[in-house]
Amino acid sequence: MANSKTVWKGTKDLKDSPESPSYEENSNGAVWTIVKQGPFGACLASKPIRGQELSGFTGVAVDTVRIQKAHGGTGTLTVTLTTAPIEDRTPVLEIEWIETQKKLESHKFFKTLTPAHWDKIEDWRNATTAADRSTKYAALTGLLQKFADKILKGEDSYVVYSPVARVTTSSPTKPNTGGCGMKDNPPAQIKIQTYKYLKTADRAVRQSMKWQRVEEWTGAEEIDDDLYN
């Protein structure tokens, strides 16, 4: 016996089921349900994405999509729309100041010291006896002695405060992330003009029916062009 093959007759466009659309209200707000029928392949090709807003349905967006295959290559597409995903997608702009510790040697107070000066500091630091250390300390003068005094008091570093510019955006689809470790400027509204910036964070988090992307740029007075392009 020859194998029977289903032959589709008529249009392959999806058609609304007689009971579609239906409406209800629950603790989350308004819920619309749309049911369409037609070829299974057409159901797959026509499915909307979560978070999408559909024409004719104001104030709601796609929450769930279900496609059920039936006999003869037919299919049923069921779409639920709710009020939950509707939100303000205006980017949230922030500026935060963070504390960073830097080596005492890098402070501008000691910027006039030369490599020869720092050699004397190293000789003092590396002295193996108390007598040798006292002798080398006594030979230090001016800024060298000030530096040594701070080390003796436990002040081997100091803190600076750097601006972090942050932008948070929401979208129904997964955003592209990247570009960290590169010289890059944040939006002009949150850029402090006297600072240069590196992009230091870019993360995407799935929250219920939406994606949230958080980008961060950290400012510095100087950025080494040899190390960061």
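Focus on the overall build of the protein chain
Item 1. Helix and strand content of the protein chain: four helices and nine strands.
Item 2. Listed N to C, the secondary structure of the protein chain is β-β-β-α-β-β-β-α-α-α-β-β-β in terms of helices and strands.
Item 3. The C-alpha radius of gyration of the protein chain comes to 33 Å, more than 25% above the 17 Å expected for a compact globule of 229 residues.
Item 4. Every one of the 229 residues in the protein chain was classed for burial, and the buried ones make up 28%.
Item 5. Relative to all contacts within the protein chain whose residues are 6 or more apart in sequence, the contacts with residues 24 or more apart total 61%.
Item 6. In the structure as shown, the protein chain presents an accessible area of about 15100 Å², 51% of it carried by carbon and sulfur atoms.
Item 7. Each charge class in the protein chain can be summarised by its mean position, and for the 31 positive and 29 negative side chains these summaries are 6 Å apart.

Digging into unusual backbone geometry
Item 1. In this model, Ser20 is joined to Pro21 through a cis peptide bond whose omega is 0°.
Item 2. You can see Pro21 is positioned in the loop between strand E1 (15-16) and strand E2 (22-26).

So, the pattern of salt bridges
Item 1. In this structure the tally under the stated criterion is 15 salt bridges.
Item 2. The partner of Glu94 in a salt bridge is Arg166, with the nearest N and O atoms 3.4 Å apart. Here the residue Glu94 occupies a position in strand E6 (residues 92-103), and Arg166 occupies one in strand E7 (residues 157-171), the gap between them amounting to 72 residues.
Item 3. Taking the shortest distance from any N to any O, the salt bridge between Asp132 and Lys136 comes out at 3.4 Å. Pair noted here: Asp132 and Lys136 are both in helix H3 (residues 130-138), with a separation of four residues, about one helical turn.
Item 4. Look at Asp132 and you get partly exposed, because its relative accessible area is 27%.
Item 5. On the accessibility criterion, Lys136 (29% relative accessible area) is partly exposed.

Re the side chain of Ser162
Item 1. Here Ser162 shows up in strand E7.
Item 2. You can call Ser162 buried: its relative accessible area is 11%.
Item 3. Ser162 has contacts with Glu96, Trp97, Ile98, Thr100, Thr218 and Gly219, leaving out every residue within four places of it along the chain.

Looking at the sheet that holds E7
Item 1. As summarised here, the arrangement of the four strands in space is E6-E7-E9-E8, forming an open sheet in which the pairing is antiparallel. The open sheet terminates on both sides in strands that have one partner only, identified here as E6 and strand E8 (196-207). The average angle at which neighbouring strand axes cross in this sheet is 25°, direction not considered.
Item 2. Two strands pair when backbone bridges link them, and E8 and strand E9 (residues 210-220) are joined in this way by eleven bridges, in the antiparallel orientation. Its bridge partner lying in E9, Leu198 is registered against Thr218.

Thoughts on helix H4 (residues 142-152)
Item 1. Residues of H4 that are buried: Leu144, Phe147, Ala148 and Ile151. End-on view of H4: buried residues confined to an arc of 95°, all on one side of the axis.
Item 2. In this fold, the buried residues of H4 make contact with helix H2 (115-125) and H3.
Item 3. Just past H4, the residue Gly154 takes up positive phi, approximately 90°.

Quick look at the packing of aromatic side chains
Item 1. Taken as a whole, this structure holds seven aromatic pairs when the rule is applied.
Item 2. A ring pair is formed by Trp32 and Phe57, whose centres lie 5.4 Å apart and whose planes are at 70°; its orientation type is edge-to-face. Linking Trp32 in strand E3 (residues 29-39) with Phe57 in the loop between helix H1 (40-46) and strand E4 (61-69), this pair joins segments that are 25 residues apart in sequence.
Item 3. The partly exposed category is assigned to Trp32, whose relative accessible area is 27%.
Item 4. Between Phe110 and Phe147, the aromatic rings sit 5.3 Å apart at their centres with planes inclined by 85°, giving edge-to-face as the arrangement. Taken together, the residues Phe110 in the loop between E6 and H2 and Phe147 in helix H4 connect sequence positions 37 residues apart.
Item 5. Residue classification places Phe110 among the buried residues on the basis of a relative accessible area of 3%.
Item 6. Judged by relative accessible area, which is 0%, Phe147 ranks as buried.
Item 7. Among the aromatic side chains, those forming a connected cluster through ring pairs are Phe109, Phe110, Trp118 and Phe147.
Item 8. The side chain of Lys69 reaches across the aromatic face of Phe40, ending 5.4 Å from its centre.

Cut-offs and rules
Residues numbered from 1 in each chain as written. Predicted model: local features only at pLDDT ≥ 70, side-chain atom pairs only at ≥ 80, totals over all residues. Heavy atoms only, no water. Helix = DSSP H or I, 4+ residues; strand = E, 2+ residues; numbered from the N terminus. Rg over C-alpha atoms; globule rule 2.2 N^0.38 Å. Buried < 20%, exposed > 50% of the residue type's maximum accessible area, 1.4 Å probe, protein only. Contact = heavy atoms within 4.5 Å. Areas by Shrake-Rupley, 256 points an atom, 1.4 Å probe, with all protein chains shown as cover. Lys, Arg positive; Asp, Glu negative; His and termini not counted. Charge placed at Lys NZ, Arg CZ, Asp CG, Glu CD. Salt bridge = Lys/Arg side-chain N within 4 Å of Asp/Glu carboxyl O. Pairing = 2+ DSSP bridges. Axes fitted to C-alpha atoms, helices over the stretch in contact; angles between N-to-C directions. Arc of directions from axis to C-beta. Phe/Tyr/Trp six-rings, centres within 6.5 Å; stacked < 30°, edge-to-face > 60°. Lys NZ or Arg CZ within 6 Å of the ring centre and 35° of its normal.

So, to be careful, I would describe these as geometric facts and stop short of saying anything about function.
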